[in-house]
Amino acid sequence: MTRPALETRDLSMVYGTGDTAVRALDAVDFQASAGEILALMGPSGSGKTTLLMLLGCLLHPTAGAVWVEGQPLAGLSNHALAQLRLRRMGFIFQSYNLFPALTAAENIQVALELKGRDLGEATELLDRVGLAGRLRNYPRQLSGGEKQRVAIARALAGDPPILLADEPTAALDSVTGRTVVKLLADLAHAQGRAVVVVTHDPRVGELADRVVRIEDGRLRP
Ligand code: ADP
Ligand code: MG
C-alpha cells in the first residue's frame, strides 16, 4: 500500500511555556494523498496555520510525528528538512508574498534559481496558470487574482508533488477566489499533486475532494 503524501500521528504543538503556554494542536492524526485537494477548515485561532507549518517542515512539533511521502521527519537535520521543502513542496499565502520590484517572470525565476532549474521555465509556468501575457508585468500592475496565480506559478517551480496553501482566497472576491481554487484543484487532479488548502471560506470547501475540520487544535471526527 502506498503511503499518503502527508501524514501525522498524535501531533501536538504548544507555543511558549508555563502560564503563557498555548496548546495550538492536540493529538492530530491527519492524512493527505497525492491527487486530492483537501480543505482544512476551522475558525480563526483553531490551529490551521500551525498544522500547515508542521506539514511544511517549517516548525518542529512538541510531540507526535510527521511523515512526508512516507519519510519520517523525526531526526532529520535542519538542512535535510530545508532540502525536502525545496524539492518536494510549494507554498502559497494569503498575501501572495511577491517581490514588488520584480516582474511576474522574475518573481518565478527567484524560485527556479533556488531550485537549480532553468530560468526559462518561468514562461511555461506562467502559461500554465493562464498568465502567459503577463510576463513583464510588475505585481502592482496585476489584479489580486492574477497576483495569486503568479504565486501559484512560483510554487510550481521545480514541479513539487505537494502544495500547501494558507488562506489563498482570503483577499479575493468570491468569483476570483473560485477561479484560484479551481486552478489548485486542477493541479491536484490532472497532475497528481497533494494539495492542502487552509481556509475558513466555505466556498473553498465545496470545491475540495475532502474537508477536514479543526477546532481548538483538535480534528473533528
Ligand atoms: P489559525 O491559522 O487557525 O488561525 P494558528 O495556527 O495561527 O490558527 O494559531 C493557533 C493558536 O496558536 C492560536 O491560539 C494562536 O494565538 C497560537 N499561536 C500561533 N502562533 C503562535 C506563536 N508563534 N506563539 C504563540 N502562540 C501562537
Ligand atoms: Mg492561520
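Here, every reference points to the structure presented above.
Residues numbered from 1 in each chain as written. Chains lettered and ligands numbered in written order. Predicted model: local features only at pLDDT ≥ 70, side-chain atom pairs only at ≥ 80, totals over all residues. Heavy atoms only, no water.

Draft legend 1. Representation of the overall build of the chain. The secondary structure content of the chain amounts to 7 helices and 10 strands. Here the C-alpha atoms of the chain give a radius of gyration of 17 Å, agreeing with the 17 Å that 2.2 N^0.38 yields for 221 residues. With the principal axes as the frame, the chain shows a C-alpha extent of 50 × 40 × 35 Å. Here the chain holds 221 residues, and 48% of them are scored as buried. Counted over contacts in the chain with a minimum sequence separation of 6, partners at least 24 positions apart contribute 73%. Surface summary for the chain: the accessible area is close to 10500 Å², and the carbon and sulfur share equals 50%. Considering the chain, the positive charge centre built from 24 side chains and the negative charge centre built from 24 side chains are found 2 Å apart. (Helix = DSSP H or I, 4+ residues; strand = E, 2+ residues; numbered from the N terminus. Rg over C-alpha atoms; globule rule 2.2 N^0.38 Å. Buried < 20%, exposed > 50% of the residue type's maximum accessible area, 1.4 Å probe, protein only. Contact = heavy atoms within 4.5 Å. Areas by Shrake-Rupley, 256 points an atom, 1.4 Å probe, with all protein chains shown as cover. Lys, Arg positive; Asp, Glu negative; His and termini not counted. Charge placed at Lys NZ, Arg CZ, Asp CG, Glu CD.)

Draft legend 2. Molecular detail of the packing of helix 5 (residues 144-155) against helix 6 (residues 174-189). Contact geometry of helix 5 with helix 6 gives a least axis separation of 10 Å together with a crossing angle of 15 degrees. Compared by their axis directions, helix 5 and helix 6 come out roughly parallel. Here the hand of the crossing between helix 5 and helix 6 comes out right-handed. Counted together, Gly145, Gln148, Arg149 and Ile152 of helix 5 and Thr176, Val180, Leu183, Leu184 and Leu187 of helix 6 form the full contact between these two elements. Its residues placed into classes, the contact of helix 5 with helix 6 shows 5 nonpolar, 3 polar and 1 charged. (Axes fitted to C-alpha atoms, helices over the stretch in contact; angles between N-to-C directions. Parallel < 35°, antiparallel > 145°, perpendicular 65-115°, else oblique. Left-handed = near helix turned anticlockwise from the far one by under 90°. Nonpolar A, V, L, I, M, F, W, Y, C, P; charged D, E, K, R; others polar.)

Draft legend 3. Focus on the environment of Gly90. Assignment of secondary structure puts Gly90 in strand 6 (residues 89-93). With a relative accessible area of 2%, Gly90 lands in the buried category. Separated by 75 residues in the primary sequence, Gly90 and Ala165 have C-alpha atoms spaced 8.3 Å apart.

Draft legend 4. Layout of the site of ligand 1. Around ligand 1, the neighbouring residues are Tyr15, Val22, Ala24, Pro43, Ser44, Gly45, Ser46, Gly47, Lys48, Thr49 and Thr50. At 3.2 Å, a backbone N or O of Ser46 approaches an oxygen atom of ligand 1. Between ligand 1 and the protein, one listed contact pairs an oxygen atom with a backbone N or O atom of Gly47 at 3.1 Å. Computed on the free molecule, ligand 1 has an accessible area of 560 Å², of which 58% lies beneath the protein chains in the complex. For the shell around ligand 1, the secondary structure elements donating two or more residues are strand 2 (22-32) and helix 1 (48-55). Among the elements that make up the shell around ligand 1, the one with the highest residue count is helix 1 (3 residues). Grouping the amino acids of the shell around ligand 1 by side-chain chemistry returns 4 nonpolar, 6 polar and 1 charged. (Near = heavy atom within 4 Å. Polar contact = N/O pair within 3.5 Å; in protein donor to acceptor, adjacent residues only side chain to side chain.)

Draft legend 5. How the structure looks around helix 1. With 6 of its 8 residues buried, helix 1 lies for the most part within the structure. The complete set of buried residues in helix 1 reads Lys48, Thr50, Leu51, Leu52, Leu54 and Leu55. Among the residues trailing helix 1, Cys57 stands out with phi positive, at a value near 55 degrees.

Draft legend 6. Layout of the environment of Leu54. Structurally, Leu54 can be placed in helix 1. Sequence separation between Leu54 and Ala208 is 154 residues, and the spatial gap between their C-alpha atoms is 21 Å. Residues contacting Leu54, with those up to four places away along its chain left out, are Leu11, Met13, Leu25, Leu59, His60, Pro61, Val66 and Leu73.

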